[in-house]
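Fold and geometry: a report
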Amino acid sequence: MEHIDEEIARVLMEMGIDKSNLDWTTRVILILAILLVSYIVTKLFRHALIPAVRKLTAKTKAKWDDYLFNDDMLHSFSRMIPPIIFYLLLPFAFDGYPYVLTILLKACLIYLVVTTLMLVNAFLKSLYEISNEHETLRYRPLKGIYQMVSILAFCVGLILIISILIDQNAATILAGLGASAAVLMLIFKDSILGLVAGVQLSANDMLRPGDWVTMAKYGADGFVKEVSLTTVKVQNFDKTITTIPPYALVSDSFQNWRGMWETGGRRIKRSLNIDMTTIRFCTGDEMEAFAEKGWIGMSEEGAEPAVNLEVFRRYALEYLHAHPRIHQDMMIMVRQMQPTPEGLPLEFYCFTQTTEWLAYEGIQNEVFNHFIAVLPRFGLRVYQHPSGNDLVGLMEVRSSNSVSYKELRS
């Protein structure tokens, strides 16, 4: 820096300007010249150098330089030119006024710190855009990490500004803040926890933007829209937005449906409650008909005795295995569950060949509509609690029987 000052002083001396002997007219002219030089250099940088850099990066095959030397980065760098020029040239305009010069130089340094922070933010933004283009990093929750780095840069900048104002070493101020670490940790508790949680979520690949997650504790059931330092935004299927602290996703349990999307099959797990009073052995005619279709075995004496519910279970398995929209490479099962007062649950377990919601519901409806409609062919009936119409019909039958009995008595 001193070498630069000496060179500038030599140039001014050659122009007939001695900084130790200036009148106010010359000082004002010199100040205007400093402002003019700053303006010209900044304009040349923005309108000459920036377009040249953009053309150079456009010719390369790499994509990272397009983001790293984008307009925001280069314009942020151009903002650093005026404070540097002011800091170098102002001593020649205010050589005889040390107090004013000290204030102006401090203002220049603060200006430089602020523009540097703006450059750091632009750099982090470019890194985030680069990571979004990268195939591996695109689905990593890196936004929170970038935000934490930005906060740390802001804190460092604030310490530097304070050190400039009070003429103290930044390391001394930082050491003094160590005593206030507990207070700072309390203030930035959510940010610190969010940073740690973001690292864990990213390292363990627990959550990505676009994942379908379910977290009943927070009323979240939808797709992850954004993972930031302090919040995870989930857009529910009713189009509402639920915000969850990142550390809650690490400390509590949540359900991530990404595995379902990756396997390409969506599970159907639903039961029909069979009325147990309709479960019986098949009649002779039924056994012959079922044996022809291969649903029961044959012996030398003819069809083997079978229970109608077991025949229906075999039929349901055959139907699911033959269905063109049921995933045949994943588990297909029909099983009996524990009997209940509402009947005997018969559970159907399989996977569709699509994970798209509307198509999945259509396949599920098609399968169960068919099973409900075909049950009477096996002599079975779905259990159902008596409704109001059932009770009305029962009262009408009892009333009719009572009238007939009175007629017989008379």
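Structure shown above.
Attention here is on the structure that accompanies the text. (Residues numbered from 1 in each chain as written. Predicted model: local features only at pLDDT ≥ 70, side-chain atom pairs only at ≥ 80, totals over all residues. Heavy atoms only, no water.)

Let us look at the environment of Ala197. Mapped onto the elements, Ala197 comes out in helix α10 (residues 189-203). Each C-alpha atom, one on Ala197 and one on Pro245, is 9.1 Å from the other, the two residues being 48 residues apart in sequence. Apart from the residues within four sequence positions on either side, Ala197 is in contact with Pro246, Tyr247 and Val250. (Helix = DSSP H or I, 4+ residues; strand = E, 2+ residues; numbered from the N terminus. Contact = heavy atoms within 4.5 Å.)

In this section: the side chain of His323. Along the chain, the position of His323 falls in the loop between α14 (308-322) and β9 (333-336). Engagement of the side chain of His323 in a polar contact is seen with the side chain of Glu366, the distance being 3.0 Å. (Polar contact = N/O pair within 3.5 Å; in protein donor to acceptor, adjacent residues only side chain to side chain.)

A few words now on the sheet that holds strand β5 (residues 255-256). Here 5 strands make up an open sheet; going across it, the order is β4-β3-β2-β1-β5 and the pairing antiparallel. Across the chains shown, the open sheet's two edge strands, defined by having one partner strand only, are β4 (241-244) and β5. Examined bridge by bridge, strand β3 (residues 232-236) and β4 share 4 bridges and lie antiparallel to one another. By the bridge assignment for β4, Gln235 is matched with Ile241. (Pairing = 2+ DSSP bridges.)

Our focus in this paragraph is the packing of aromatic side chains. Inspection of every chain in the model, using the stated rule, returns 19 aromatic pairs. Measuring from centroid to centroid gives 4.4 Å for Trp212 and Trp257, while their planes differ by 15°, and the two rings are stacked. One end of the pair, Trp212, is in strand β1 (residues 212-215); the other, Trp257, is in the loop between β5 and α12 (258-263), and 45 residues separate them in sequence. Judged by its relative accessible area of 6%, Trp212 falls in the buried class. Here Trp257 falls in the partly exposed class, since its relative accessible area comes to 26%. On the numbers, 6.4 Å between centres and 35° between planes, the contact of Phe223 with Trp261 is tilted. Here the residue Phe223 occupies a position in strand β2 (residues 220-227), and Trp261 occupies one in helix α12, the gap between them amounting to 38 residues. Taking relative accessible area as the criterion, Phe223 reaches 30% and is therefore assigned partly exposed. Members of the aromatic cluster, connected to one another through ring pairs, are Phe290, Phe312, Tyr315, Tyr319, Phe348, Phe368, Phe371 and Phe378. Geometry around Phe368 places Arg270 over its ring, the cationic atom sitting 5.2 Å from the centre. (Phe/Tyr/Trp six-rings, centres within 6.5 Å; stacked < 30°, edge-to-face > 60°. Buried < 20%, exposed > 50% of the residue type's maximum accessible area, 1.4 Å probe, protein only. Lys NZ or Arg CZ within 6 Å of the ring centre and 35° of its normal.)

Quick look at the pattern of salt bridges now. Scanning the entire structure with this criterion turns up 7 salt bridges. Close ionic contact of Glu310 with Arg313 constitutes a salt bridge, the shortest N to O distance being 3.1 Å. Of the two residues, Glu310 and Arg313 are both situated in helix α14; the distance of 3 residues between them amounts to about one turn of the helix. The class of Arg313 is partly exposed, set by a relative accessible area of 22%. Arg335 serves as the salt-bridge partner of Glu347, at 2.8 Å between the closest nitrogen and oxygen. Placement of Glu347 in strand β10 (residues 344-352) and of Arg335 in strand β9 is noted, with a sequence separation of 12 residues between them. Classification of Glu347 by relative accessible area gives buried; the value is 5%. According to the relative accessible area criterion, Arg335 is partly exposed, its value standing at 34%. (Salt bridge = Lys/Arg side-chain N within 4 Å of Asp/Glu carboxyl O.)

So, about the environment of Tyr39. Assignment of secondary structure puts Tyr39 in helix α2 (residues 24-59). Sequence separation between Tyr39 and Ile85 is 46 residues; the distance between their C-alpha atoms is 9.9 Å.

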